[in-house]
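# Per-entry structural report
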Amino acid sequence: FSLLFGLWLPCCLTQTTPSNSRLKVRLAGYPRKHNEGRVELFYKGEWGTICDDDFSLSNANVLCRQLGFVSATGWTHSAKYGKGQGKIWLDNVLCNGGEKSIELCKSRGWGNSDCTHDEDAGVVCKDERIPGFVDSNVIDATVDENRVEEVRLRPIVAMAKKRLPVTEGVVEVKHKDGWAQICDVGWTIKNTRVVCGMLGFPHERKRQKNHFHIHSVACTGTEVHLAACPMEFSKPNATSSCEGGMAAVVSCMPGPLFMQNSGLKKKLKTSSNVRLKGGARLGEGRVEVLKDSEWGTVCDDRWNLQSASVVCRELGFGSAKEALTGGRMGQGMGPIYMNEVKCVGLEKSIWNCPFKNTTSEDCQHMEDAAVRCNIPYMGLENTIRLTGGRTRYEGRVELLSSDSNGTQSWGLICGESWSTPEAMVACRQLGLGYANQGLQETWYWDSSNVTEMVMSGVKCTGNEMSLSQCQHHKTVNCQKAAAKFSAGVICSETASDLVLNASLVQETVYIEDRPLHMLYCAAEEDCLSKSAAKANWPYGHRRLLRFSSQIHNIGRADFKPKAGRHSWVWHACHGHYHSMNIFTHYDLLNANGTKVAEGHKASFCLEDTDCQESVSKRYECANFGDQGITVGCWDLYRHDIDCQWIDITDVKPGNYIMQVVINPNFEVAESDFTNNAMKCNCKYDGHRIWLHNCHVGDALSEEAEKRFEKYPGQLNNQIS
């Protein structure tokens, strides 16, 4: 029982310190968020706690930094997160706050304590990661020499070694300096399910029935790691026999994304009412579920690895590596459908798990649940590298290519047409997070000896696993073939994510006939349709479709203009600096999708108009201040300010689609561009205007979106 308990508990815990730090720290307990909990230290092969005597915020700051957070916001006493087990390692700890590790602070010494576990200390860390701090992705499952960390499949057939992913083979576990096998006596399909899940596969295949290190594995099938299953280990002096048996062999069924035989893809469909949003890497993101044709989120109360694994498997990945809480993959904007999800781990869908419906009092989007799933090893990062950059997150992109003789060498990508979506794929393939920028010239970085262009005309949607899956020229065709014009990237662990408040547009829309003599400033900023130039200024008027825009940053990094302040443009007319040439497109489309009117709010002054609770404003346009939108804040462009309109003077009565697109040229990096467009059905009778069905581009199901797009053409007063 103690082995089982010791194995199970850490799976539900948190990050450990980086590998270069000797002392491991983790947060434990319940109920808690990912950035708070009982402090536990790993010392002399054993996890233990800290006593709350003399504990302070300075102590908490040191511990939070060891866990990868920027600082502490508080600490707790009297076992607020439950009582720990085992040793109480430290007591009367006194830090000044600047120490690199808690072990450098004054204390009574290791294991010297007069406390009980009723006095276990906890910390609350600020939910902001230290840049570049890498989360440990090894689930800390056991703490003795028989520690099962890594598991692999050794292919039986020689040909299978060359093809990735490896889906079947002998199960081997890392043991000392080598690999050991597992005895298959009593091996069950449930054990196979756990191994397949760890290796990134959603399903197991049934199979018929050296050096054996492990015997009698007894998984229930709901575990996310083999180490969490009860098992017997060989005694050091025993002969490693496996009476009546042989090495355990498993066969896994990959998800549709990883199928090598495309003919099988049609048989295995992934869920259409669950999706992941906002993640940088494959198999991670905020969990969203579909109900009544509208996507919504899941609240993180009681969110754990079992529930997360059900989501991962139904989307064609393996079991969950992490169950993330506290909006760690950005916040959603729609409804919150589920709370206190309690999956066993064997369910086919999260919708089959018990859960509570939420109310606004229960949950807010800052509690949106997310997952990181195990995915099959594809070796994609071995065919790409970055060179010349100042950090490992940036550089010139070089690809491994093979010539007709099979000789492998590194080559460059032509910088022409290279942009943010392509850079997103390169950063994902490298495992370096989101793309901060895609660069078409890299002359300011150190050159390597690689000069040959091996790829050009790259065009990605942004969702591909590797650059080889993107469209590109069959034969290289590059106008500027010099190395200094090759493609480069700057990657980042976090990114912003802008979303327009669709319902506010619908609520605030109206028509104004504005006299031309009040529109000189707007004309100068190119906010009117082309026919305005031929008008008899200053007589007459323009008909304007006006509305308010509220643009939220729901991502994990501030949205900041690409251009530095030295290149911002002063507009005397409106009395402020514009930091982006094109920030938003406002369009009116007819049934064929043709533009009939546009109001490009070209240059923008970006600032925090307001923020959600506990978030402070950082950006203000006044007095040449910094421009941007802070995470958790929004920029409001009221209906009554200049250029906040579409000029519909030349538009005939009829039915249209109104469309607003934020950051249309992908000029600034975002974690998700699919939610940058907002659409509304629009009815105009020549005097009044009505908007309805306003929604963000990815808020509805595919079927609902198709019905929406057919709407204008089905009416009899359609314009020609």
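As recorded by an unreviewed UniProt entry, the chain carries the name Lysyl oxidase homolog and is attributed to Echeneis naucrates. Per UniProt, the comment on the chain under Catalytic activity (unreviewed entry) is "L-lysyl-[protein] + O2 + H2O = (S)-2-amino-6-oxohexanoyl-[protein] + H2O2 + NH4(+)".

## Quick word on the overall build of the chain
Looking only at helices and strands, one finds eight helices and 39 strands in the chain. Taking all 720 residues of the chain together, the buried fraction comes to 53%. Accessible area of the chain: about 33,300 Å², with a carbon and sulfur share of 50%.

## Considering the sheet that holds strand S27 (residues 510-515)
With antiparallel pairing, three strands are arranged side by side in an open sheet as S27-S28-S36. For this open sheet the edge positions go to S27 and strand S36 (645-647), each flanked by a neighbour on one side alone. The sheet shows a mean angle of 35 degrees between the axes of neighbouring strands, taken without regard to direction. Both strand S28 (residues 541-546) and S36 contribute to a ladder of three bridges, which runs antiparallel. Residue pairing in the sheet places Leu544 in a bridge with Asp647 of S36.

## Overview of helix H2 (residues 57-66)
With seven of its ten residues buried, H2 lies for the most part within the structure. Turning to H2, its buried residues number three or more, namely Asn59, Ala60, Asn61, Val62, Leu63, Cys64 and Gln66. Backbone geometry just after H2 places Gly68 at a positive phi near 95 degrees.

## Section: the nonpolar core
Most often, soluble globular proteins keep nonpolar side chains buried together rather than apart. Of all hydrophobic cores here, the largest spans 37 residues; its most connected members are Phe583, Leu588, Ile648 and Met658. Only strand S26 (498-500), helix H6 (502-508), strand S32 (584-589), strand S37 (654-662), strand S38 (677-684) and strand S39 (689-696) provide two or more residues apiece to this core. Beyond its immediate chain neighbours, meaning those up to four positions away, Met658 contacts Val505, Leu545, Phe547, Asp587, Leu588, Ile646, Met678, Lys679, Cys680, Cys682 and Leu691. Within the second largest apolar cluster, 26 residues are counted, among which are Trp303, Ala308, Val311 and Tyr337.

## Some points on the layout of surface pockets
To locate leftover empty space, one rolls a probe as large as a water molecule over the atoms. Volume-wise, the second largest pocket comes out at about 1,400 Å³. Taken together, the elements giving at least two residues each to the lining of the second largest pocket come down to strand S14 (274-277), strand S15 (284-291), helix H5 (420-430) and helix H8 (702-710). The greatest single-element share of the lining of the second largest pocket, amounting to four residues, is contributed by S14.

## Notes on the confidence of the model for the chain
Residue-level pLDDT values for the chain average 85, and 89% of them are 70 or greater. Low confidence marks residues 1-21, where pLDDT is under 50. Its contacts with residues over four positions away, or in another chain, come to 49 contacts. Note that residues 136-144 has pLDDT below 50 and, in this model, 23 contacts with residues that lie over four places away or in other chains.

## Focus: the environment of Asn501
Take Asn501: it is sitting in the loop between S26 and H6. Separated by 48 residues in the primary sequence, Asn501 and Ser549 place their C-alpha atoms 7.0 Å from one another. Here the side chain of Asn501 touches Leu504 through a polar contact of 3.3 Å, landing on its backbone nitrogen. For Asn501, the side chain forms a polar contact with the side chain of Gln550, separated by 2.9 Å.

## Describing unusual backbone geometry
Backbone torsion omega between Leu164 and Pro165 reads 0 degrees, so that peptide bond is classified as cis. For the bond running from Trp537 to Pro538, omega is -5 degrees, close enough to zero to count as cis. Within the element layout of this structure, Pro538 appears in the loop between helix H7 (520-524) and S28. Phi at Glu340 takes a positive value of approximately 50 degrees, unusual for a residue other than glycine. You can call Glu340 buried: its relative accessible area is 18%.

Definitions and cut-offs
Residues numbered from 1 in each chain as written. Predicted model: local features only at pLDDT ≥ 70, side-chain atom pairs only at ≥ 80, totals over all residues. Heavy atoms only, no water. UniProt positions renumbered as here; feature names shortened; annotations may be inferred. Helix = DSSP H or I, 4+ residues; strand = E, 2+ residues; numbered from the N terminus. Buried < 20%, exposed > 50% of the residue type's maximum accessible area, 1.4 Å probe, protein only. Areas by Shrake-Rupley, 256 points an atom, 1.4 Å probe, with all protein chains shown as cover. Pairing = 2+ DSSP bridges. Axes fitted to C-alpha atoms, helices over the stretch in contact; angles between N-to-C directions. Core = buried A, V, L, I, M, F, W, Y, C linked by side-chain atoms within 4.5 Å. Contact = heavy atoms within 4.5 Å. 1 Å grid on protein atoms, 1.4 Å probe; cavity = no way out; pocket = protein on both sides within 12 Å on 5 of 7 lines; lining within 4 Å. Points joined across faces, edges and corners; volume = space filled by probe spheres on them. pLDDT = per-residue confidence, 0-100. Polar contact = N/O pair within 3.5 Å; in protein donor to acceptor, adjacent residues only side chain to side chain.

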